[in-house]
Amino acid sequence: MAQALIWAMPVFPCLSSSSTSSAAAAAASLPASPLHHRSSLRTARALPTLLTITTSTTDIEAEALWTWLAQKGAVSDEATAVRPACVHHGRGLLAHRTISQGDELLSIPRKLWINLETVKASAIGRFCEGLKPWVAIALFLVREKAQSNSSWRPYLDILPQALDSPLFWSDEELAELQGTQLLGSTLGYREYVESEVNELFDKVIKPNPDLFDSSLFTYDAFLWAFGILRSRTFAPLTGDELALVPLADLVNHLAGLEVEKPCWEKTTAGIFTRQEVLLMRAAKTFHAGQEVVMQYGKSKNNAQLALDYGLVEYDAFSGSNNRDSFMLTLEIPKSDRLFDDKLDIAQLNGLDSSVYFDLTRGQGPPESMLTFLRLTALGGSDAFLLEALFRNTVWDHLSSPVSRDNEESICEAMIEGCKSALYGYQSTVEEDLLLLNNDNLDPRTRIAVVVRQGEKCVLQEVQTWFEARMNELDQLEYYAERRLRDLGLLDEKGNMTAWARASFII
């Protein structure tokens, strides 16, 4: 049943609860986790040692941001535990004193967030009714960036002008992603942003030339704003609550940081006048002069880190990486004469005709994937399991091998699928490893090589797993044997029991 396997680009990550498989619907909300613009590569070790940072130059923009926030009453030298500064990979936050895990680092009031409320209260607010939150905020950012007298100037000046996400790569740089799922995601997002910009230009910008200089509101300008929002927004300020938070969004990622709990909290503060604030807490203990960091998302794979942050994690010593992943799409073919019955079983178990599985390096195929594969391949003498009698139990039966033919067919489909996917890459794993040993490799090329090498390693592991499975087919126990055992007709060694022999004689 090789036709049951579809190798496809992953569904775009989505913030909203109403996730769909379309690029437009998914990209309408920004990703749930903050993905930043920082350095292009982080070398992941068990837990990197935090360095004490010393700088010989003054970061004028960072000082201006601090002064602005202090004038607004959001920070102070005495009360705020962190300061913005230049660090070894760009800008970040430094500990002003020793900080324990869970301590409050900073508290930024809602009035200093750039969110949908900010946009609605601005001169362009009445033109943003009905726009998606990210589109409205992006429009605001592009307009404010062009105004030298913007009240948000200290914050706008600290935003990066260039981002390392593949969204901003040249065609030559993108060619290094040939064969990867990241390339499809990148092109999908670009297409989505372009369609949103075209619609916005026709409905808002072009009809209002007094407020919007059409020469400023270009595709490139909106792509930059889209990248800023993807890279600097953190849960819980995502989706409809999407917001940029000055100073807090300078926090960088640390590879290997084992923290599950988010560092950002939305709460209220004040004694006489209560106001909503964004509270940031320390992910671990930091000493004075050390960079304060957080975990951007333990479940994010390298393709997601690259797309959103412009960085990847890679262990230069072992070459292994639990961020390596491949998203596999499996589908029940509509041409299958048993399609309706199979779809019914899938939906009964919370799935649909198409299902996406994240394959992670070193973990092998998930059991749920094997079960779905057996369902897609079910046919012939095994089709009796789709009868109404088995409707509520068939999923449990499929969680173990059904028959030799069924198990062999899914192995063949997966092996051929892996081979086909591997053929689409322009280099081998061995060639990529040689490139990664080159310390002078261009940062963006390094991102591409880490991602594609990781995908190929996952595919090779999956192919090897199913090849080994093929060699074990004669040793596996199938549905018929399990059923006979349940009836007491087979013993633990697979031999017919005395009772079964007696029954057979009778």
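Because the structure is a prediction, the values reported are computed rather than measured. (Residues numbered from 1 in each chain as written. Predicted model: local features only at pLDDT ≥ 70, side-chain atom pairs only at ≥ 80, totals over all residues. Heavy atoms only, no water.)

K.L.:
Mind showing me how you'd approach the overall build of the chain here?
P.N.:
Helices and strands together make up the secondary structure of the chain, namely 17 helices and 14 strands. Looking at the 506 residues of the chain, the share that counts as buried comes to 53%. Restricting to contacts in the chain with at least 6 residues of sequence separation, those with at least 24 account for 73%. When the accessible area of the chain is evaluated, it comes to approximately 23,400 Å², of which 50% is carbon and sulfur surface. (Helix = DSSP H or I, 4+ residues; strand = E, 2+ residues; numbered from the N terminus. Buried < 20%, exposed > 50% of the residue type's maximum accessible area, 1.4 Å probe, protein only. Contact = heavy atoms within 4.5 Å. Areas by Shrake-Rupley, 256 points an atom, 1.4 Å probe, with all protein chains shown as cover.)

K.L.:
Is there a simple way to explain the sheet that holds strand S9 (residues 264–269) in this structure?
P.N.:
Note on sheets: strands pair through backbone hydrogen bonds, and any given pair is parallel or antiparallel. Pairing within the open sheet is antiparallel, and its three strands lie in the order S5-S10-S9. The open sheet is flanked by strand S5 (104–109) and S9, the only strands paired with a single partner. Along the sheet, successive strands turn relative to each other by an average axial angle of 35°, direction set aside. Relative to strand S10 (residues 275–281), S9 runs antiparallel, the two sharing six bridges. Of the residues in S10, the one forming a bridge with lysine 266 is leucine 278. (Pairing = 2+ DSSP bridges. Axes fitted to C-alpha atoms, helices over the stretch in contact; angles between N-to-C directions.)

K.L.:
Quick question: what am I supposed to make of the environment of glutamate 331 here?
P.N.:
Mapped onto the elements, glutamate 331 comes out in strand S13 (residues 325–331). With relative accessibility at 26%, the residue glutamate 331 sits in the partly exposed group. Sequence separation between glutamate 331 and threonine 376 is 45 residues; the distance between their C-alpha atoms is 7.4 Å. Engagement of the side chain of glutamate 331 in a polar contact is seen with the side chain of serine 354, the distance being 2.9 Å. (Polar contact = N/O pair within 3.5 Å; in protein donor to acceptor, adjacent residues only side chain to side chain.)

K.L.:
Mind showing me how you'd approach the sheet that holds strand S8 (residues 252–253) here?
P.N.:
One open sheet accounts for four strands, arranged S3-S4-S11-S8; its pairing is mixed. Each edge of the sheet is formed by a strand with only one pairing partner; in this case those strands are strand S3 (82–87) and S8. As defined by bridge partners, S3 adjoins strand S4 (residues 90–95) across six bridges and the pair is classed as antiparallel. Across the sheet, residue cysteine 86 finds its bridge partner in S4, namely arginine 91.

K.L.:
Hey, could you run me through the pattern of salt bridges in this one?
P.N.:
Applying the stated rule across the entire model yields 29 salt bridges. As a salt-bridge pair, arginine 83 and aspartate 77 come within 2.9 Å of each other at their nearest N and O atoms. The class for aspartate 77 is partly exposed, based on a relative accessible area of 39%. Here glutamate 173 ties to arginine 444 by a salt bridge, and the two come within 3.1 Å at their closest N and O atoms. Highlighted residues: glutamate 173 in helix H6 (residues 171–174) and arginine 444 in helix H15 (residues 443–471), separated in sequence by 271 residues. Taking relative accessible area as the criterion, glutamate 173 reaches 23% and is therefore assigned partly exposed. Relative accessible area serves as the criterion here: at 15%, arginine 444 is assigned to the buried category. Connected through salt bridges with shared partners, the residues Arg110, Glu117, Glu241, Lys266 and Glu276 form a single ionic network. (Salt bridge = Lys/Arg side-chain N within 4 Å of Asp/Glu carboxyl O.)

K.L.:
Explain the pairing of S5 to me, please; I cannot follow it from the model alone.
P.N.:
Remark: a regular strand shows side chains that alternate across the two faces of the sheet. Across the six residues of S5, five count as buried, placing the element largely inside the fold. As defined by bridge partners, S5 adjoins S10 across five bridges and the pair is classed as antiparallel. Residue pairing in the sheet places glutamate 104 in a bridge with arginine 281 of S10.

K.L.:
It is not clear to me how the packing of helix H14 (residues 429–436) against H15 should be interpreted in this structure. Could you clarify?
P.N.:
If you want to describe how two helices pack, look at the angle between their axes and the distance between the axes. Between H14 and H15, the shortest axis-to-axis distance is 9 Å and the interhelical angle comes to 145°. The way H14 lies across H15 gives a crossing that is left-handed. Within the contact between the two elements, H14 uses Val429, Asp432, Leu433, Leu435 and Leu436 and H15 uses Arg446, Val449, Val450, Arg452, Gln453, Lys456, Cys457 and Gln460. Its residues assigned to classes, the contact of H14 with H15 shows seven nonpolar, two polar and four charged. (Left-handed = near helix turned anticlockwise from the far one by under 90°. Nonpolar A, V, L, I, M, F, W, Y, C, P; charged D, E, K, R; others polar.)

K.L.:
It is not clear to me how unusual backbone geometry should be interpreted in this structure. Could you clarify?
P.N.:
Backbone geometry follows two general trends: most residues other than glycine have a negative phi, and most peptide bonds adopt the trans configuration. Along the chain, alanine 235 connects to proline 236 via a cis peptide bond; the corresponding omega equals 15°. Here proline 236 lies in the loop between helix H8 (219–232) and strand S7 (243–244). Residue leucine 247 is not a glycine yet carries a positive backbone phi of 75°. Mapped onto the fold, leucine 247 is located in the loop between S7 and S8. Residue classification places leucine 247 among the buried positions, given a relative accessible area of 1%.

K.L.:
Please clarify how helix H10 (residues 339–348) should be interpreted in this entry.
P.N.:
Because an α-helix completes one turn every 3.6 residues, residues spaced three or four positions apart along the sequence face the same direction. Among all positions in H10, only Phe339, Lys342, Leu343, Ile345 and Ala346 are buried. Mapping the buried residues of H10 onto a view down its axis gives an arc of 160°, with all of them on the same face. Turning to H10, the residues buried within the fold contact helix H11 (367–377) and helix H12 (394–398). (Arc of directions from axis to C-beta.)

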